[in-house]
Amino acid sequence: MIQPPGPALVMGAGAVGCWVGGRLQAAGAPVQFVGRPSVLEELRLAGLTLTDLDGRRTHLAPHTLSLHAEVPHAGHGPSPAAPAPALVLLCVKAGATAEAAALLGLHLRAGTPVLSLQNGIGNPAVAAAAAPALQVIPGMVGFNVVRASPGHWHRGTWGELAAQAHPALEPWRPVFAAAGLPLALHADLRPVQWGKLLLNLNNPVNALSGLPLKRQLLDRNLRVVMAALIDEALAALAAHGIRPAKLAALPPRLMPAGLRLPTWLFKLAARSSLRIDDQARTSMADDVARGRPTEIDALCGEVVRLARAAGLPAPCNEWMLDRLSRPQPGRMSGKELRAALGV
Ligand SMILES: NC(=O)c1ccc[n+]([C@@H]2O[C@H](COP(=O)([O-])OP(=O)(O)OC[C@H]3O[C@@H](n4cnc5c(N)ncnc54)[C@H](OP(=O)(O)O)[C@@H]3O)[C@@H](O)[C@H]2O)c1
């Protein structure tokens, strides 16, 4: 059995937190889950069930789960509430980052490594500013997880787990590998984060379409909208000399042309990227359906800021930023979206 250097703490027991934390626990690592009372109640009653698109199923019984409504106090004072975590997985949405990191900073030992498993570019910097005594490490989750039913989380696509290379992560690599989540370490994660952000520009398109991911990607009008968002991002990245990493079937510079192909050709060119569960949706679609704030500012907002800094226009990303910032963005067909964006 592989020995982790100590417990892992999931900050934000939701889709990513429950999936990654659950896999680590199934591989033998002690894991503390910090989450909202409603999610903890589900886990207390049903335990944690993880499934994936290959039909694998893991169940962790309720009594095996270490569930916390608040970050357990570790390290200060005579009687810590739980063993000090050796690694924190920061798994909250972008808007909750500063508050979650501040709570971690308040309760955990100085120097505790915090791996941000969040989308976008700016979350690690936000977390580091809110908890300067902790070591925040950027990470990237390349796959999709959705809540299937109470206590049940389903991984609907393939994709890797990556992080900025850091000595604190070295002892965890065998643990992640044993959990079936090999952690790819990069000397500079920025190109990988931007490569992921380009793919995430599909999130607002998916959310507005109201369709499952696979059906949405097989609609050429919706792909043309995604291509327009990526075009603007690629221009802004080029202006700043940033080369996004290839995370999909096509290299980033060919993605817009690939997306604009007729659907029968797209199916051939993007065969591996279309290995998606029929029911998979983006978490932004989930947020819109539940009336929650979206992470649009961490995606299209990031492109708009990068473009502005280079004196470039990014009208399609601006439109999406405005639309998905509304409390009820509504649904639109591919044709309606193309007309609204003029693409
Ligand atoms: N889901 C995916 O497939 C996927 C894939 C790759 C990357 N990501 C990224 O991973 C990050 C997490 O996404 P997710 O889909 O896992 O989100 P999620 O399902 O909403 O999970 C986050 C959970 O953390 C809770 N939370 C927020 N602040 C907290 C606090 N201070 N204490 C305790 N719990 C707190 C949230 O509660 P509230 O809702 O009440 O705030 C929510 O239950 C995002 O940046 C997302 O873009 C997601």
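In what follows, the accompanying structure is described. (Residues numbered from 1 in each chain as written. Predicted model: local features only at pLDDT ≥ 70, side-chain atom pairs only at ≥ 80, totals over all residues. Heavy atoms only, no water.)

Considerations on helix H9 (residues 220-239)
Move 1: Given a rise of 1.5 Å per residue, 20 residues ought to cover 28 Å, and the 28 Å separating the end C-alpha atoms of H9 matches this to within 8%.
Move 2: Across the 20 residues of H9, 14 count as buried, placing the element largely inside the fold.
Move 3: Two or three places before Asn 221, at the opening of H9, Asp 219 has a side-chain oxygen 2.9 Å from that residue's backbone nitrogen.
Move 4: Where H9 ends, the next residue or the one after it, Gly 241, has phi of about 70°, a positive value. (Helix = DSSP H or I, 4+ residues; strand = E, 2+ residues; numbered from the N terminus. Expected span 1.5 Å × (residues − 1). Buried < 20%, exposed > 50% of the residue type's maximum accessible area, 1.4 Å probe, protein only. Polar contact = N/O pair within 3.5 Å; in protein donor to acceptor, adjacent residues only side chain to side chain.)

Things to note about the side chain of Thr 97
Move 1: Positionally, Thr 97 belongs in helix H3 (residues 97-107).
Move 2: Thr 97 has contacts with Leu 90, Val 92, Gln 118, Asn 123, Val 126 and Ala 127, leaving out every residue within four places of it along the chain. (Contact = heavy atoms within 4.5 Å.)

As for the layout of surface pockets
Move 1: Roughly 210 Å³ of volume is contained in the second largest pocket.
Move 2: Along its surface, the second largest pocket is lined by Leu 234, Leu 237, Ala 238, Ile 242, Arg 243, Pro 244, Pro 251, Pro 252 and Arg 253.
Move 3: Class assignment for the residues of the lining of the second largest pocket results in seven nonpolar, no polar and two charged. (1 Å grid on protein atoms, 1.4 Å probe; cavity = no way out; pocket = protein on both sides within 12 Å on 5 of 7 lines; lining within 4 Å. Points joined across faces, edges and corners; volume = space filled by probe spheres on them. Nonpolar A, V, L, I, M, F, W, Y, C, P; charged D, E, K, R; others polar.)

Some words on the site of the ligand
Move 1: What surrounds the ligand is a group of 24 residues, the closest being Val 16, Asn 119, Val 145, Arg 292 and Glu 295.
Move 2: Val 145 is positioned such that a nitrogen or oxygen atom in its backbone is 2.7 Å from an oxygen atom of the ligand.
Move 3: In the model, an oxygen atom of the ligand is placed 2.6 Å from a nitrogen or oxygen of the Arg 292 side chain.
Move 4: Residues that form the shell around the ligand fall into these classes: 12 nonpolar, seven polar and five charged. (Near = heavy atom within 4 Å.)

Details of the packing of aromatic side chains
Move 1: In this structure the tally under the stated criterion is two aromatic pairs.
Move 2: Relative to Phe 176, the ring of Trp 172 has its centre 6.4 Å away and its plane inclined at 65°; by these criteria the two rings are edge-to-face.
Move 3: Residue placement shows Arg 155 over the ring face of Phe 143; its charged tip is 3.9 Å from the ring centre.
Move 4: Its end group placed over the ring of Phe 266, Arg 223 keeps NZ or CZ at 4.2 Å from the ring centre. (Phe/Tyr/Trp six-rings, centres within 6.5 Å; stacked < 30°, edge-to-face > 60°. Lys NZ or Arg CZ within 6 Å of the ring centre and 35° of its normal.)

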